[in-house]
Amino acid sequence: MPSIIETHAHIYDEQFDQDRDKMLTRAFEAGVEQIWMPNCNHETIEGMLSLEAQYPGKCLSMMGLHPCYVGEDFEKELEIIEKWLSERPFFMIGEIGLDFYWDLTFVPQQEKVFLHQLSLAKKYNLPICIHSRNSKDNSLNAIQRCCDLIEEFGWKKLRGIFHCFSGNEVDAKRVTSLNFLLGIGGVVTFKNGGLDKFLADIPLEMIVLETDSPYLAPVPHRGKRNEVSYLDLVVTKIGDIYEISEDKVKSQTTENAKKLIQK
């Protein structure tokens, strides 16, 4: 059975405090080879690095400042991120990006922080993990704005994942044209998620798997706590959309993920 790489899970989250080891055992038994952990801000670093130490080679840490945690103290947060990057290796910068959903107060700062972290990706030659959430009425498109800033930054070797991709076909084609992968998770199983309408037109080589645990659980667990072992449900849905075997989905997406983090 081909292994799977989970490219985005907040397994250090307090929602797993009561059964974290059991949850991870279920994931590994389901064939998950690696779990990639995105950072949020200084408060999530300790728990994340502790899991990395506990599960060496299986739980991998990113380093970055999440857009929802960008506030008045963003410069201090960036100093902490930079200090960690200078002291030890990380395999990816993340999660970084733009969030227009909850609050637009710090959007200018979010853009500044995003561009700064693109420069860190260039400095250390690392891929990036992008969070891009539109406004509630979709009048502000975070995916397209991230693409604008990537083009403005202008480093041709920049690469990474648009995690939790839930955009439309136009968004998907622009993202992949910039050599970024689509992180596909539970949204693909939602009745009105929309991804099933065009995903088959995107090469499977441009897709990686994720859960975003503990958030966005796939059907039939929607609305409940998500966990890494539910990746199987995402695999099944992607196989249905592409009309290919689940083993093919697993092997190709795993290859895609591994290729991304090779320097």
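Structure shown above.
Just so we're clear, the structure is a prediction, and the values are computed from it rather than from any experiment. (Residues numbered from 1 in each chain as written. Predicted model: local features only at pLDDT ≥ 70, side-chain atom pairs only at ≥ 80, totals over all residues. Heavy atoms only, no water.)

Throughout the structure, instances matching the rule amount to four aromatic pairs. Relative to Tyr55, the ring of Phe28 has its centre 5.7 Å away and its plane inclined at 50 degrees; by these criteria the two rings are tilted. You can see Phe28 sitting in helix α1 (residues 20-29) and its partner Tyr55 sitting in the loop between α2 (42-54) and β3 (59-61), a full 27 residues away along the chain. Each member of the pair Phe28 and Tyr55 is classed as buried. Pairing Tyr101 with Trp102 gives two aromatic rings, centres 4.9 Å apart and planes at 85 degrees, and the pair type is edge-to-face. Tyr101 sits in the partly exposed class, given a relative accessible area of 25%. Look at Trp102 and you get exposed, because its relative accessible area is 59%. Cation over ring: Arg88 sits above Phe90, and NZ or CZ is 4.1 Å from the ring centre. A cation over an aromatic ring shows up here: Arg133 above the ring of Tyr101, its NZ or CZ 3.5 Å from the ring centre. (Phe/Tyr/Trp six-rings, centres within 6.5 Å; stacked < 30°, edge-to-face > 60°. Helix = DSSP H or I, 4+ residues; strand = E, 2+ residues; numbered from the N terminus. Buried < 20%, exposed > 50% of the residue type's maximum accessible area, 1.4 Å probe, protein only. Lys NZ or Arg CZ within 6 Å of the ring centre and 35° of its normal.)

A separate point is the packing of α2 against helix α3 (residues 74-87). It is at 10 Å that the axes of α2 and α3 come closest, and there the two elements cross at 30 degrees. Classified by the angle between their axes, α2 and α3 sit roughly parallel to one another. On α3, the residues touching His42, Ile45 and Leu49 of α2 are Glu77, Ile80 and Trp84. Per-class residue counts for the contact of α2 with α3 are four nonpolar, one polar and one charged. (Axes fitted to C-alpha atoms, helices over the stretch in contact; angles between N-to-C directions. Parallel < 35°, antiparallel > 145°, perpendicular 65-115°, else oblique. Contact = heavy atoms within 4.5 Å. Nonpolar A, V, L, I, M, F, W, Y, C, P; charged D, E, K, R; others polar.)

Any functional reading would require information beyond the geometric quantities listed.
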